[in-house]
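Residues per chain are reported as follows:
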Amino acid sequence: MFIKSATELVKSSYFWEKSGVEYLQELNDVQAQAVTATEGPVMIIAGAGSGKTRVLTYRIAHIIRQGIEPYHILALTFTNKAAREMTNRIARVIGEVDARAIWMGTFHSIFSRILRFESDRIGFSSNFTIYDTDDAKSLIKTIIAEMKLDDKKYQTSQVYNRISSAKNQLISATKYAESPEWIEGDKFSNRPLIAEIYKRYAHRCARVNAMDFDDLLLRTNQLFASCPNILEKYQQRFKYILVDEFQDTNLVQYAIIKQLSIVHKNICVVGDDAQSIYAFRGANIENILNFEHDFPTLRKFFLEQNYRSTQNIVEAANSVIAKNTRQHKKNVWTGNQEGNKIKLFKATSDNEEGFLIAQQVFENKMNHHRLYTDFAILYRTNAQSRALEEALRRLNIPYRIYGGTSFYQRKEIKDLLAYFRIIINPNDDEALKRIINFPTRGIGKTTLDKILEAASDNDVSIWTMIENLQNVSIGISPAAMFKINEFRKMIRDFSMKLTQTNAFDLATVVASQSTLLTDLYKDKSPEGVSRYENIQELLNAIKEFSEGHGTEANGTSLAGFMEEIALMTDADNDKDQDKDRVVLMTVHAAKGLEFPYVFVTGMEEGLFPSQMSYQSRDDLEEERRLFYVALTRAMQQLTLSYAANRFKYGQPVFSEPSRFLFEINPACVEMQIRKQPSVSDKEQSHQPISLKTKRYIIPANSALKKPVNKLSHSSLPIIPLSELKIGMDVFHERFGEGTILTLDGILPNQTATIRFDDGEKRLLLKYAKLLMPQK
DNA sequence: CCAAAGATTGTCACA
DNA sequence: CAATCTTTGG
């Protein structure tokens, strides 16, 4: 988009024509002060909806206006999307070219760029792979298996989380092993060997030239700490540093920006402690204190006027957040009108909740002539989206879901990407394991295990081992050897094209020669067709990439594409943004956004606040901040809902309304009288929905890939777990009728032995879904 | 060696 | 329920 729209031109010349700083009149006093205080350390405490982005935008413009070159500015945002939006807004003020020259992006993307450039200083090469969470976990799993540890005790994701939080607190593998605190913690939780796993994990990542998300930050910090000249180079480059969403930064991120800014001290952090919702990821509120300590000449600005929401919404949010003990006192107020009261309704089931919301969206849109994009439906967990989607489809309301399994998580996409990864970095073990026998080429488990063991013994990557197979005798049959060589030739062949061919051409060759694409083409099942289409979509994206970035340095290469998508999330994929759709997303994903109409759903104990937050006060307070974020997304109308009965893991679960609902100032809330049992009620609980009689608009980007409706085909009532007794006759979808012989264990994990016609089975009750037998 | 059936297990949020 | 791991039969 190099051609500016007419309005943009007008705006930008409007800005420039002003000789002085008259544009500051568009800001309130505090905002203007925050914009013009460009020198020295600054902290902006920005309440929800207080015009934070506007301040940041003008501040950057102001700095440039004073003659600073844009490339001396580093602006760190929380998401790629935020970075892109800010770039666009700045472009409108100072022009496209200058805006693009600013170093603007997430911590991860900016520092991975720097790491690629300086990789040799820390023993990596510039083509290092970025391991996503799946890769990292898979590697950890391998290590746990190699160490012959009990995988019940050492659960992959727990180990991963432990290592990740260590990294976020600047604890390297070496430090970890030496730290009594961490070691004791592991002993206490009966996992004394995590230090060893961490060590091996770090070693393996280095061996295969890979970094996980946390490494991107940890290694950057190490780079700066250990190479003074490199640090100095970037200190000189980044004369002005801005950090958005400062409350969500962790210790490593803080350490990095501190090092970078300690010379010029022109650092501006913007945040709101009331919106800190990423402590689970290592975000550290203490950073605010650290900052005050490390930059004593700090100036603070408090943006407290909310321009976004009605009085009712602001007041409700304030009353909730006041229940937190740990918080900076702040007085968020608004000059906006009082607005409607907050609506609150109870639904009998998650399906009904969805139905009522869909209905309200429809009515409000019609009555108030709104666009669908004016509505957002928020929830605590991604799993909740299903019932909501279903309801929206029934009413033909187009929607778009953010988050959940993103496009790049799909199996077929990951398969093809694994080929690309191997071509770029042949030592990428995780990618190699994924594709060495996919599509199947006769290199089976036995053969692979031999290679893996040999690679491990020699401390080399799998690819290196393959390249040297003829020099060792590890008992691989000539037949297998032949197939390995075929594979090797194919990859080498691709690799040779890497530098000569553009991303799209190479990707096409890989997709077809690996037979990935042709195999999928042959599969005519609905899933197969959808997978084929997904691959096509990926190829299209690559095509767009290689055509669109023609001017930038590595812009047409496959490596460039992979770099771009490695750090992308589903929220960044906004190609359908211009379409008029209702938005569905988690509260986390909604941070920083605003909508005229907001629905916050699933306001139930155990869900929001999450069950897992019950143990600690801190966690509960984080949930409350999350709720605060949810409330403050709304501009005009806020609606809260909860369901008395919700399906969890395929079992209906009763729940109480969330405690948070009782924390809202009652004066702001209006109880909705629910209408009489709706159509959906009857339909959903008793008869299977007939797909034929309903018309569906399936939004292009939604998961049309999956069959829409998988309601149980049985109409028999489900027996509540508590009513199961020994000797009782039950009915099971697959096994038929049976009799309970024994019941063991305690309720959440209770099992039963049941005699069916074809033998006895042990079933975990919470999954079994036992029905009343037909009489 | 491999696909398909069977069994098990898990999910809070995310770059 | 859905995703993943394990077993099984060809």
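Predicted model only: the values in this text are computed from it and were never measured.

With that settled, the discussion passes to helix 26 (residues 526–548). Spanning 23 residues, helix 26 covers 32 Å between terminal C-alpha atoms, matching the ideal 33 Å at 1.5 Å per step. Here helix 26 has its buried residues at Gly528, Ser530, Asn534, Ile535, Leu538, Leu539, Ile542, Phe545 and Ser546.

As a further point, take unusual backbone geometry. Cis peptide bonds are those with omega within 30 degrees of zero, and the linkage from phenylalanine 438 to proline 439 qualifies with -5°. With respect to the secondary-structure elements, proline 439 resides in the loop between helix 20 (429–435) and helix 21 (445–458). Between phenylalanine 608 and proline 609 the backbone carries a cis peptide bond, its omega angle lying at 10°. Tracing the chain through its elements places proline 609 in the loop between strand 15 (595–600) and helix 29 (617–631). Of note, asparagine 209 is a non-glycine position whose phi angle comes to about 60°, a positive value. Mapped onto the elements of the fold, asparagine 209 is located in the loop between helix 11 (194–207) and strand 5 (210–212). Backbone geometry at threonine 515 places phi at a positive 65°, although glycine is not the residue there. You can call threonine 515 partly exposed: its relative accessible area is 32%.

Here the structure, examined in full by the defined rule, presents 42 salt bridges. One salt bridge connects aspartate 212 with lysine 167, and the closest N-O pair in it is separated by 2.7 Å. With aspartate 212 in strand 5 and lysine 167 in helix 8 (residues 156–168), the pair connects residues that are 45 residues apart, well separated along the chain. With respect to burial, aspartate 212 and lysine 167 carry one shared label: buried. One salt bridge in this structure joins aspartate 294 and lysine 258, with 3.5 Å as the shortest N-O distance. You can see aspartate 294 sitting in helix 15 (residues 286–294) and its partner lysine 258 sitting in helix 14 (residues 251–261), a full 36 residues away along the chain. Three or more residues joined by partner-sharing salt bridges are found here, namely Lys52, Asp244, Glu245, Asp248 and Lys591.

Within the secondary structure layout, threonine 447 lies in helix 21. Every residue in contact with threonine 447, bar those within four places of it in the chain, is listed here: Ile476, Ala480 and Ile484.

Moving on, we get to helix 14. Where burial is concerned, most of helix 14 is hidden: nine out of the eleven residues are buried. Within the span of helix 14, buried status applies to Val252, Gln253, Tyr254, Ala255, Ile256, Ile257, Gln259, Leu260 and Ser261. You can read the cap of helix 14 off the contacts: a side-chain oxygen lies 3.2 Å from the backbone nitrogen of valine 252, and it is on asparagine 250.

A word on the pairing of strand 1 (residues 42–46). Of all five residues in strand 1, five are buried; the element is thus mostly enclosed. Pairing between strand 1 and strand 8 (residues 299–303): five bridges, direction parallel. Across the sheet, methionine 43 pairs through a bridge with lysine 300, a residue of strand 8.

All right, on to the packing of aromatic side chains then. For the structure on display, the rule yields 17 aromatic pairs. A centroid spacing of 4.8 Å and a plane angle of 50° characterise the contact between phenylalanine 78 and tyrosine 278, whose relative ring orientation is tilted. Placement of the pair is phenylalanine 78 in the loop between strand 2 (73–77) and helix 4 (80–94) and tyrosine 278 in the loop between strand 7 (267–271) and helix 15, with a sequence separation of 200 residues. Of the residues examined, tyrosine 278 reaches a relative accessible area of 9% and is grouped as buried. When the ring of phenylalanine 375 is compared with that of tyrosine 597, the centres are 4.6 Å apart and the planes differ by 25°; the resulting orientation is stacked. With a gap of 222 residues between them, phenylalanine 375 in strand 12 (residues 375–379) and tyrosine 597 in strand 15 connect regions that are remote in the sequence. When its relative accessible area of 0% is taken as the criterion, phenylalanine 375 is described as buried. Of the residues examined, tyrosine 597 reaches a relative accessible area of 7% and is grouped as buried.

In spatial order, the strands read 3-2-6-7-1-8; together these six strands make up an open sheet with parallel pairing. Looking along the sheet, the strands with just one partner apiece sit at the ends: strand 3 (103–106) and strand 8. Geometrically, the sheet is characterised by an average inter-axis angle of 15° between neighbouring strands, direction not taken into account. In terms of strand pairing, strand 2 meets strand 6 (residues 240–243) through four bridges, oriented parallel. Note that in strand 6 the partner of isoleucine 73 across the bridge is tyrosine 240. The strands touched by helix 4 within the sheet are strand 2 and strand 3, with strand 3 carrying the most contacts at an inclination of about 155°. The sheet strands contacting helix 6 (residues 107–118) are strand 2, strand 3 and strand 6, and the helix crosses strand 3 at an angle near 120°.

This brings us to the sheet that holds strand 11 (residues 342–347). Pairing in this open sheet of seven strands is parallel, and the strands run 13-14-12-15-16-11-19 from one edge to the other. Each edge of the open sheet is held by one strand with a lone partner, namely strand 13 (399–401) and strand 19 (669–671). Going across the sheet, the axis of each strand differs from the next one's by a mean of 25°, ignoring polarity. Pairing geometry for strand 12 and strand 14 (residues 582–586), over four bridges, is parallel. Counted as the bridge partner of alanine 376 is valine 583 from strand 14.

What follows concerns the packing of helix 12 (residues 213–226) against helix 13 (residues 228–237). Packing of helix 12 against helix 13 leaves a shortest axis separation of 5 Å and a crossing angle of 105°. The angle between helix 12 and helix 13 places the two elements in the roughly perpendicular class. Packed against helix 12, whose contacting residues are Leu223, Phe224 and Ser226, the element helix 13 presents Pro228, Ile230, Leu231 and Tyr234 at the interface. Across the contact of helix 12 with helix 13, the residue classes break down as six nonpolar, one polar and no charged.

Mapped onto the fold, threonine 156 is located in helix 8. The sequence separation of threonine 156 and asparagine 364 amounts to 208 residues, and the corresponding C-alpha distance is 47 Å. If we skip the residues at most four places from it in the chain, threonine 156 touches Lys137, Ile140, Lys141 and Ile144.

The next subject is the pairing of strand 11. The buried count for strand 11 comes to five of six residues, which makes it a mostly enclosed element. Relative to strand 19, strand 11 is paired through three bridges, and the arrangement is parallel. Its bridge partner being in strand 19, leucine 344 is matched across the sheet by methionine 671. Note: strand 11 against strand 16 (residues 634–643), five bridges, orientation parallel.

Calculation rules
Residues numbered from 1 in each chain as written. Chains lettered and ligands numbered in written order. Predicted model: local features only at pLDDT ≥ 70, side-chain atom pairs only at ≥ 80, totals over all residues. Heavy atoms only, no water. Helix = DSSP H or I, 4+ residues; strand = E, 2+ residues; numbered from the N terminus. Expected span 1.5 Å × (residues − 1). Buried < 20%, exposed > 50% of the residue type's maximum accessible area, 1.4 Å probe, protein only. Salt bridge = Lys/Arg side-chain N within 4 Å of Asp/Glu carboxyl O. Contact = heavy atoms within 4.5 Å. Polar contact = N/O pair within 3.5 Å; in protein donor to acceptor, adjacent residues only side chain to side chain. Pairing = 2+ DSSP bridges. Phe/Tyr/Trp six-rings, centres within 6.5 Å; stacked < 30°, edge-to-face > 60°. Axes fitted to C-alpha atoms, helices over the stretch in contact; angles between N-to-C directions. Parallel < 35°, antiparallel > 145°, perpendicular 65-115°, else oblique. Nonpolar A, V, L, I, M, F, W, Y, C, P; charged D, E, K, R; others polar.

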